[in-house]
Amino acid sequence: MLKYLTLIAALGAGAAQAACPVQSSRDWSAELLPADTGYTLVLRGTVDLPTPGYRLTWAEGPMDRALPPGWRLILTATPPEAPAAQVITPTRVEARFET
């Protein structure tokens, strides 16, 4: 059973590889729910972004073979295309993964 999660934040593919835009994060929770063919991992939290309008997407990263094994989930933040106010914006995030 999965016991540990590692969250990796990265910039979107179209953005310059500068510093991660996530200023801070908090209130993370993980829930493993029974599903038809296994389990569904539900991951929730809040990230602080430097401006409103970011598009957030999740991707599955590699699993490692450490003891206990870990599964990396990648949160990609793509900045808005239009100008936006420079104000720290708390943004709730949620992801669901079939395991």
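Just above, that's the structure.
Note that the coordinates shown come from a computational prediction; the quantities given were computed from them, not determined experimentally.

### Focus: the overall build of the protein chain
So, point 1. Along its length, the protein chain carries 0 helices and 6 strands.
So, point 2. Ordered by position from N to C terminus, the α and β elements of the protein chain give β-β-β-β-β-β.
So, point 3. Sequence-distant contacts in the protein chain: of pairs separated by 6 or more residues, those separated by 24 or more amount to 64%.
So, point 4. Summed over its atoms, the accessible surface of the protein chain is roughly 6,500 Å², and 56% of this surface lies on carbon and sulfur atoms.

### What about the side chain of Thr 46?
So, point 1. Here Thr 46 lies in strand β3 (residues 38–49).
So, point 2. Overall, the relative accessible area of 7% leaves Thr 46 in the buried class.
So, point 3. One polar contact links Thr 46 to Arg 92, side chain to side chain, over a distance of 3.0 Å.
So, point 4. Ignoring any residue separated from it by four or fewer positions in sequence, one finds Thr 46 in contact with Ser 24, Ser 25, Arg 26, Asp 27, Trp 28, Pro 90, Thr 91 and Arg 92.

### A closer look at the side chain of Asp 48
So, point 1. Note that Asp 48 resides in strand β3.
So, point 2. Reaching out from Asp 48, the side chain makes a polar contact with the side chain of Ser 24 at a distance of 2.7 Å.
So, point 3. A polar contact of 2.9 Å, which involves the side chain of Asp 48, links it to the side chain of Arg 26.
So, point 4. For Asp 48, the contacting residues outside a window of four places in its chain are Pro 21, Val 22, Gln 23, Ser 24, Arg 26, Ile 88, Thr 89 and Pro 90.

Cut-offs applied
Residues numbered from 1 in each chain as written. Predicted model: local features only at pLDDT ≥ 70, side-chain atom pairs only at ≥ 80, totals over all residues. Heavy atoms only, no water. Helix = DSSP H or I, 4+ residues; strand = E, 2+ residues; numbered from the N terminus. Contact = heavy atoms within 4.5 Å. Areas by Shrake-Rupley, 256 points an atom, 1.4 Å probe, with all protein chains shown as cover. Buried < 20%, exposed > 50% of the residue type's maximum accessible area, 1.4 Å probe, protein only. Polar contact = N/O pair within 3.5 Å; in protein donor to acceptor, adjacent residues only side chain to side chain.

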